[in-house]
Amino acid sequence: MSKVSTTQDIEIRDTAANMAAADELTDVQGEKMVLNMGPSHPATHGVLRLRLEMDGEIITKAEPDVGYLHRGDEKIAENMTYNQFLPYTDRLDYLAPLANNVHYVLAVEKLLGITDDLPERCQYIRTICCELARVSAHLLGLGAFAMDTGAFTVFLHTFTEREKIYCLIEALTGARFTTSYTRVGGLSRDLPEGWLDELSKFLDEVKINFDETETLLTRNPIFLERTQDVGIITREEAIDFGLSGPNLRGSGVEHDVRKAQPYMIYDRFDFDVPVGTTGDCYDRYAVRILEMRESVKILRQCIADIPGGPINVDDGKIVLPPTEKVMTNMEELIHQFMLVTQGQDAPVGEIYFGAENPKGELGFYIHSLGGGTPHRLKIRAPSFVNLSILSQLLPGHMIADVVAILGSLDFVMGECDR
Amino acid sequence: MAIKVQRVKLSLWERLFIPALWNGFKVTLSHFLSFKKSKVYEEKNKNNKFKATLSYPEELWTVPPGFRGAPYLVSDQDAATKCVSCQLCEFVCPPKAIRITPPGEAGETAHREGAEKMPKEFEIDMLRCIFCGYCEEVCPEEAIYLAKDYYEGYDKNMMRRDYALTGSNREEMIFDKDKLLERGGTHHDRIKKWEKKTADAKAQEMFPVEDKSKKERE
């Protein structure tokens, strides 16, 4: 071979070196500092990472980085029957597992077309579950928010109340956190004896806690300094970014799925939707406090009105038959085996069901090709959507405000990354 | 109907932090002096009604009835394994924590008369188990059940009961059939399905089926 070949060294940098080089460039170009907040930072409530570009203490650019808790729940759902996926919904918004359970089965029931067949008692119990979950989630949200802004006492008191809720949930479902309470077409078990009395005792006590929280925060000059006129989301912005839940209502948009598109039996209850006026952190705090009071109102009405009767749909092709019958009758045994191995036979089609979760509108979009498993299950996670506003909201604020804003947005990463 | 959130404007007196300080002390003192006795805790915490906490580990948590503990296998009053190896629980288990090895054709026959099968091996990986209770719910034989307490089935002399369901390595946490049966204990068969089936079969002179076919071959 007469051809002379020459070799040339091409520098291929690995990712770490690339990033180092990029940081070097920004350092040279401006006097800005890039700050990584998270993924393990007490104020980011989980594993949210924020990449903040700062000029002194003022944020010029913010990029939320999500996905650290991604478990592929949507893909997992494609490989199991509708009931089997239920325990996975506990782990979406893990601060309100009962509400997730209820809303997931409501979506599946909409697909199956059995929403109207649900017994009254089942609907009342489900409403109690949703509202109890809302109180629990907001108590934590407020406690953590207060702690982020420097008021540690509130956190301890709200957690004491949550402990009572968990006692109630444990008696109801058998587990404190991972409830897995509902089933497609009904519930896994009826209310235990005397549970409603315990619940009404709790409701008396939690009101004292709301008052205490208000005493500690509402007129506290430090808390007001840190929250009022901080992190203002205007009405238009809130709608543009698709916010939902207390964050949307804090911006003055009167939209609550329970009122706008009443599902279950929410149209029977007398409750108000609290809305903010300015859209700052303080409004979001105040909306949550008022929302809990409204939830207590709904719970009281539930306790007063709850009827007796069955808790499951009377259909052997949707709900598992009672064990006594499975052990004695052939037909029930066949139903049991068919239901467990093949699942509820869903029609071909697609549905979307959105409901008011504590964090916002939790939606399940199910695309079914028939049979017992979904072809595609999309979860519209309110926390994910609510976080999308961060890159718009944070620039212009001080670094200390980020903590208050994150606390007021009250997100859960389990649901955001799902 | 919507209710508007009230915006707060502080007076000069309130801006001096003194009312805020006083409010904080008021709340803390009221809790410290236990003016707020909790009715919810009365049942749970009989020794001290004013406390929201337990003096763990001297005082242990009592769980309400219906608690979902670890899944165990049970045997009936004749100390026979109830499981018939139908594998329904293995199928339904969302995290796939259960593994059942069926006996196969030449396998061990069931303890109970009339029942066809019994699992050769039955393993539950307690590290994967999420205690959802689906296995108990779907079992057509009431052979698997969730412990009603967190220390159920444990030898009290061995360890403190709140250290139940612990292990020092992964292999230890995969419970095999013997361990599950031991922990599960005896649950009386309330329906006695197989006794009835055997009686029915005998009455119709169709039992045992396999003996008949053997005779024909001979």
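Quick caveat: nothing in here was measured; it's all calculated off a predicted structure.

A. Summary view of the sheet that holds strand β7 (residues 346–357) of chain A. Residues and elements named next belong to chain A. Strand order in the open sheet formed by three strands is β7-β8-β9, with antiparallel pairing between adjacent strands. The strands lining the two open edges of the sheet, one partner per strand, are β7 and β9 (376–380). Strand-to-strand, the axes of this sheet are offset by a mean angle of 5°, without reference to chain direction. Direction of pairing for strand β8 (residues 360–371) relative to β9: antiparallel, over a ladder of five bridges. Bridge assignment links I366 to a residue of β9, and that residue is L377.

B. Seen up close, the interface of chain B and chain A. Every contact between the two is made by 56 residues of chain B and, on the other side, 68 residues of chain A. Together chain B and chain A conceal approximately 5,200 Å² of surface at their shared face, both sides included; 60% is due to carbon and sulfur atoms. Inspection of the chain B/chain A interface yields four salt bridges. Ionic pairing is found between D280 of chain A and R7 of chain B, a salt bridge with its closest N-O pair at 2.8 Å. Across the contact surface, chain B and chain A share 17 residue pairs in polar contact (both at pLDDT 80 or more).

C. Expanded view of the nonpolar core. Ranked by size, the top nonpolar core spans 130 residues in total, and within it L50, L52, Y104, W195, L199, Y285 and L390 of chain A carry the most contacts. If we skip the residues at most four places from it in the chain, L199 of chain A touches I128, L132, L168, L299 and I303 of chain A.

D. Main features of the sheet that holds strand β6 (residues 174–175) of chain B. Strand order in this open sheet of three strands is β3-β4-β6 (chain B), and the pairing throughout is antiparallel. Each having just a single partner strand, β3 (98–101) and β6 of chain B make up the two edges of the open sheet.

Calculation criteria
- Residues numbered from 1 in each chain as written.
- Chains lettered and ligands numbered in written order.
- Predicted model: local features only at pLDDT ≥ 70, side-chain atom pairs only at ≥ 80, totals over all residues.
- Heavy atoms only, no water.
- Pairing = 2+ DSSP bridges.
- Helix = DSSP H or I, 4+ residues; strand = E, 2+ residues; numbered from the N terminus.
- Axes fitted to C-alpha atoms, helices over the stretch in contact; angles between N-to-C directions.
- Contact = heavy atoms within 4.5 Å.
- Buried area = accessible area lost by both parts, 1.4 Å probe.
- Salt bridge = Lys/Arg side-chain N within 4 Å of Asp/Glu carboxyl O.
- Polar contact = N/O pair within 3.5 Å; in protein donor to acceptor, adjacent residues only side chain to side chain.
- Core = buried A, V, L, I, M, F, W, Y, C linked by side-chain atoms within 4.5 Å.
- Buried < 20%, exposed > 50% of the residue type's maximum accessible area, 1.4 Å probe, protein only.

All quantities given are derived from atomic positions and should not be read as evidence of function.
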